Structure formats: C-alpha cells, structure tokens
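Observations on chain architecture
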Amino acid sequence: MNKDFIHKTLCHSCEQSNFAEILNLGEMPLANSFLEEKDLDEPDKKFPLVVYFCKDCGLVQLLDVVNPEILFSNYDYLTSASKPLVEHFTKMGGDLSGKFIKSKNDLFIEIGGNDAVLLNAIKNKCRVLNIEPAKNVAEISRQKGIETINEFFNKELAEKIVKKYGNAKVVVANNVMAHIADIKSVFGGIRVLIGKDGVFVFEVHRVSDLIEEGNFDQIYHEHLFYYSLFALNNLIRQFGLDIFDVEPIHMHGQSMRVFVGKDKPISKSVTEFLEKEKDIGLDKLDTFLNFSEKVEKRKIELTNLLDNLKKQNKRIVGYGAPAKGNTLLNYFQIDNKILDFLTDTTPLKQGLYTPGTRIPIFHPDKLKEMKPDYVLLLAWNYADAILEKEKELREQGVKFIIPAPFVRVV
Ligand code: TMP
Ligand code: ZN
C-alpha cells in the first residue's frame, strides 16, 4: 500500500457491498500516534473513522484502511506494562500448552506476540516463535531470548515458516485479528501453519461490547473489525476451518477466546454462544442503528460532569494513555484545558503527548506528587485492579471518574 490509507468498497469477508453506516466519528487522529514535543507545532494527521455493518455476512468493519506500515511499524504499546495482562497471558500460555503441547519439539507460534509475555512463560516447554511487525517491540522480544520474526504475517510468510520450522501445534493471536486488513491472507496463512491437527486460538474484542455496553472508545483505525461469533464463523468457514470452542473473556471490555481447527468435535458452547448472539440481535442491522444515540448520551454525561468540576476549579488528570482513551478524548473534545496530564506505566509513552488533544503523559509517580481532585480512568477495562492498586490515593480523597460502561465517580 503506497498511500496513507485506502477506502475499500467491498466487505473484507464476503466481498459484497451491501453496507449500512452505523457510526461516524468524523476525521480522527490515529489512536496510537502519540506526539513528541517537536511535533506539537504541526497539525495532527487525521483519517476518517466510520463504522459499517455488512448486511450480507454481519461483519462490523471499517472501510477506510490506514496503511499498516504507518500503524504498526513502530508501536508504543507493551503488554508487559499492564499487570492484569501479564497475569492473563501467562495463565493463557500455561493453559494452552497444558492442553495442546505434547513434546518439547512441538512448535507454538504467536502472531503479534508483542514483548513476548505469553511465549516467555512457556519457552521451556516447547519451541516458540513470535511474529511481531513492530521493529522496536520485536527487538524487546528478542532481548528476552525469544526467536522473533519482524514481519507482517500473511500466507506467504506462513509458507516460509512451515518450510523452515514445520507445522505448528498451536498458533495464538491475541488482540490482533481485528487489526489485520488482509484478513483472508491471515486465515489462509493460519490454515497453512496448523496443518492437519494444529489449533489456532485467539482472543478478540466482541461487537457486543459496543452494543450492550456502549464502549465506542474501542473504535479506532487499528480496529478494522468488531466481531460477533456469527460473522467470524462466516469468515472462518471460507477456509475449511471450524470454530470448535469459545469462551467469553473480560479483559478489554467484552472479548472472546476462540478455538479454531480442522475436523475437531464442536463444543456445545459454540452453539450456545451463537444462540445468545441471535437473542441480542447481532445478526440484524436494526440492533446497530441506535448505537450512535448511546454514544451521544455518554458524551453529554461525561462532558457535563467534567465542565462542572472545572467550574469549581477542581484539578483533573487522566489515568492510563490507552489507544481507546484517544478515541474518547478526541470525540468528546476533552483536551489539555480539561486534563492537566495523563499517567501511564508504559515507559515508551512517558514524555509524549496525546494525538489531537495534546495532553502530556507522565510516569505514574506524578500522581502522588500532585494529588489531583479527580482522576479520569481512561484504562477503564482494568478498573478493579487499578482501584485496588490506588487505594492509598483514594483514601487521601482523590476521586476516580470511570467513564464506562456508564459514567460514575468512586
Ligand atoms: P490497554 O487497555 O489497551 O491494555 O491499555 C492500557 C494502558 O494503560 C497501557 O498503556 C498501560 C496503562 N496502564 C497504566 O498506566 N496503569 C495500570 O495500572 C494499568 C493496568 C495499565
Ligand atoms: Zn460481508
């Protein structure tokens, strides 16, 4: 892709063009394009952010696809910076290797393995391989002693890998199946990697999180797909593969862990999951049509609260600088006049500024120094862990504003 972005006219899955627009967030900066001080004189680069529902196959998707080189070649997000994620993926590594790995020679591949939290936890049990497109992140993975291929995954790469390493027993891809535009080449490649009896296991955000919880801030250019199991099933079947098991996961709002293979017995949970989705109407356009009203309601609630606090001269900062925070801040126009700063545990983000809203990001120690009156929890998906971690601050009177699934102050 030479251009910064392309506008697709056909569905990424079924290749028809029978779309309905369900939410238009307008022109938005890229959610992970944090700015350095030297960038602050330049205007932000913005791209259209519009969500569509495919009336033929049910896939909720973006059609404006930003060049992956721009999005993923250099990446500020590190899994290891979030303790809840480290615990979650360490456990997932243990569970999957316990279930599917039989010998030290078995191959376990992770696509988009970031700084190798999961692979590092199982590297003594079998051969492991990380395929990580971000150069800076791949380097961190290598420093941990994990064999890492610094390339974008596709079918061609899968064929090269099988030639060199053989088939994989397990392929994992967590929070990346929504990110890769060439999704058919990815599933084609996975089919090649897992051969006859391997499994592909992935975690991905669920579209029900938008519909049931109104968590629109999960929408940003990196997330091209907002999956239901129903739409995923339509996509995966095109490759002669089946979803043989599924579990709900609560990590980034509502997510799911999906198990894919060839000719495996299909668990009852798959049919039950699909039935539940039907009950909430995830296969029907009508269900998606009042989504934008929900978002507007959330906007009024949160911005009124912040405006009132500002009028009372309260000092407000933000907690976490997640990508979704940038969707929320930009769409609700919450900028550096409202939030003095954000804190984030990711070293790569500290010292940078949020795109569009230009709020400086500091090390979490800054919170203790400044003791603001209110903290807007942008990393709301870790609310329980963070409220527990910040007990001391809260005992000193600092209040937390949690923006999802409804606006509340604790
Ligand atoms: P995520 O929701 O996409 O995983 O991003 C969460 C961001 O919040 C990530 O940049 C790390 C940061 N973070 C903190 O600053 N403090 C915390 O206690 C946790 C759990 C995350
Ligand atoms: Zn479609």
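Just so it is clear, the model here is predicted, and its values are computed rather than measured. (Residues numbered from 1 in each chain as written. Chains lettered and ligands numbered in written order. Predicted model: local features only at pLDDT ≥ 70, side-chain atom pairs only at ≥ 80, totals over all residues. Heavy atoms only, no water.)

Describing the overall build of the chain
Quick note on the threshold: A run of DSSP states H or I qualifies as a helix once it reaches four residues; a run of E qualifies as a strand once it reaches two. Both are numbered from the N-terminal end. In this description the radius of gyration comes from C-alpha coordinates, and the expected globular size is given by 2.2 Å times residues to the power 0.38. Per-residue accessibility, obtained with a 1.4 Å probe over protein chains only, is compared with the maximum for each type, and a residue is labelled buried under 20%, exposed over 50%, and partly exposed between these values. For this analysis, residues touch if any pair of their heavy atoms sits within 4.5 Å. Under the convention used here, a 1.4 Å probe and the Shrake-Rupley method define accessible areas, while residue burial counts only the protein chains that appear. Asp and Glu are treated as the negative residues and Lys and Arg as the positive ones, with His and the ends of the chain left uncounted. For the purpose of locating charges, the reference atoms are NZ of Lys, CZ of Arg, CG of Asp and CD of Glu.
If you tally the helices and strands in the chain, you get 15 helices and 19 strands. A compact globule built from 410 residues would reach a C-alpha radius of gyration of about 22 Å, and the chain, at 21 Å, matches this within 12%. Projected onto the principal axes, the alpha-carbon positions of the chain cover approximately 65 × 50 × 45 Å. The buried share of the chain, taken over its 410 residues, is 56%. In the chain, the proportion of contacts linking residues at least 24 apart, taken out of those at least 6 apart, comes to 68%. For the chain, the accessible area works out to roughly 17600 Å², and carbon and sulfur atoms hold 48% of it. Across the chain, the 54 positively charged side chains and the 58 negatively charged ones have centroids separated by 4 Å.

Considerations on helix H12 (residues 323–331)
Three or four residues apart is the spacing at which side chains of an α-helix point the same way, because the helix has 3.6 residues per turn. Of all 9 residues in H12, 9 are buried, a share of seventy percent or more. For H12, the set of buried residues is Ala323, Lys324, Gly325, Asn326, Thr327, Leu328, Leu329, Asn330 and Tyr331. Looking at the buried positions of H12, the neighbouring elements they touch are strand E2 (19–29), helix H11 (291–311) and strand E15 (342–343). Backbone geometry just after H12 places Gln333 at a positive phi near 55°.

A few points about the coordination of the zinc ion (ligand 2)
Quick note on the threshold: In this listing, donors mean N, O and S atoms no farther than 2.8 Å from the metal, or 3.2 Å for Na, K and Ca; water is missing from the atoms, so a site can look incomplete. A four-donor site is called tetrahedral if each angle lies between 85 and 135 degrees; a four-donor site is square planar, and a six-donor site octahedral, when trans pairs exceed 155 degrees and the remaining angles lie between 65 and 115; all other cases are labelled irregular.
The coordination sphere of the zinc ion (ligand 2) contains the protein donors Cys11 (SG), Cys14 (SG), Cys54 (SG) and Cys57 (SG), at a distance range of 2.3 Å. What the 4 donor atoms of the zinc ion (ligand 2) show is an angle range of 104 to 115° at the metal, which sorts the shape as tetrahedral. Donor residues for the zinc ion (ligand 2) sit on one chain with the sequence pattern C-x2-C-x39-C-x2-C. A residue pair is termed long-range when its members are at least 10 positions apart, and Cys11 in the loop between strand E1 (5–7) and E2 and Cys57 in the loop between strand E3 (46–54) and strand E4 (60–62) qualify at 46 residues. Of the residues examined, Cys11 reaches a relative accessible area of 1% and is grouped as buried. On the basis of relative accessible area, Cys57 is assigned to the buried category, the value being 4%.

Here's the deal with the site of ligand 1
What counts, and what does not: By convention in this text, a residue qualifies as near a molecule or strand provided that one of its non-hydrogen atoms is within 4 Å of it. N or O atoms within 3.5 Å of each other form a polar contact, as long as, within protein, one can give a hydrogen and the other can take it, and as long as residues adjacent in sequence are counted only when both atoms are side-chain atoms. Polarity classes work like this: nonpolar for Ala, Val, Leu, Ile, Met, Phe, Trp, Tyr, Cys and Pro, charged for Asp, Glu, Lys and Arg, and polar for all others, with Gly in that last group. Annotation comment: domain bounds sourced from an automatic or database domain assignment.
Not every one of the 18 residues close to ligand 1 is listed here, only the nearest: Tyr77, Lys324, Asp344, Tyr382 and Lys389. Interatomic distance of 2.6 Å between a side-chain N/O atom of Tyr77 and an oxygen atom of ligand 1. For ligand 1, an oxygen atom lies 2.7 Å from a polar atom in the side chain of Asp344. Computed on the free molecule, ligand 1 has an accessible area of 490 Å², of which 96% lies beneath the protein chains in the complex. Broken down by secondary-structure element, the contributors of at least two residues to the shell around ligand 1 are helix H2 (83–100) and helix H14 (383–389). The class makeup of the residues in the shell around ligand 1 is 8 nonpolar, 6 polar and 4 charged. Taken domain by domain, the shell around ligand 1 gets at least three of its residues from each of domain 1 (79–288) and domain 2 (303–409).

Some points on the domain arrangement of the chain
Heads up, the condition is: Buried area counts how much accessible surface, traced with a 1.4 Å probe, disappears from two parts once they are put together, with both parts' losses summed. For salt bridges, the criterion is a side-chain nitrogen of Lys or Arg within 4 Å of an Asp or Glu carboxyl oxygen.
Assigned domains of the chain: these are domain 1 (79–288) and domain 2 (303–409). When the area that domain 1 buries against domain 2 is broken down by residue, the three leading residues are Ala81, Phe216 and Asp217, summing to 40%. Viewed at the interface, domain 2 and domain 1 are joined by 0 salt bridges. If you look at where domain 1 meets domain 2, you find 5 residue pairs in polar contact (both at pLDDT 80 or more). Listing elements by their share of the side of domain 1 that touches domain 2, those giving two or more residues are H2 and helix H7 (208–213). Residues belonging to the side of domain 1 that touches domain 2 are distributed by class as follows: 7 nonpolar, 6 polar and 3 charged.

Some points on the pairing of strand E13 (residues 254–261)
Operational definition: Strands qualify as paired when DSSP identifies two bridges or more between them.
Summarising burial for E13: 8 of the 8 residues are buried, a large majority. Relative to E13, strand E10 (residues 199–205) is paired through 6 bridges, and the arrangement is antiparallel. Looking at the pairing, His205 lines up with Ser255 of E13. Here strand E12 (residues 242–250) pairs with E13 via 8 bridges, running antiparallel. Bridge pairing in E13 links Ile243 to Val260. Hairpin connection of E12 to E13: 3 residues between the antiparallel strands, including Gly253 at a positive phi of 65°.

Here we look at the sheet that holds strand E9 (residues 170–174)
Using the following cut-off: Lines fitted to the C-alpha atoms define the axes, with helices restricted to the stretch that makes contact. Angles between their N-to-C directions range from 0 to 180 degrees.
Spatial strand order, E8-E7-E6-E9-E10-E13-E12: 7 strands in an open sheet with mixed pairing. Of all the strands in the sheet, just strand E8 (148–149) and E12 have a single pairing partner and so form its edges. Bridge count between strand E6 (residues 107–111) and strand E7 (residues 127–131): 5 bridges; the pairing is parallel. What sits directly across from Leu107, in E7, is Arg127. With respect to the sheet, helix H5 (residues 155–165) is in contact with E6, E7 and E8, its orientation differing from that of E7 by roughly 160°.

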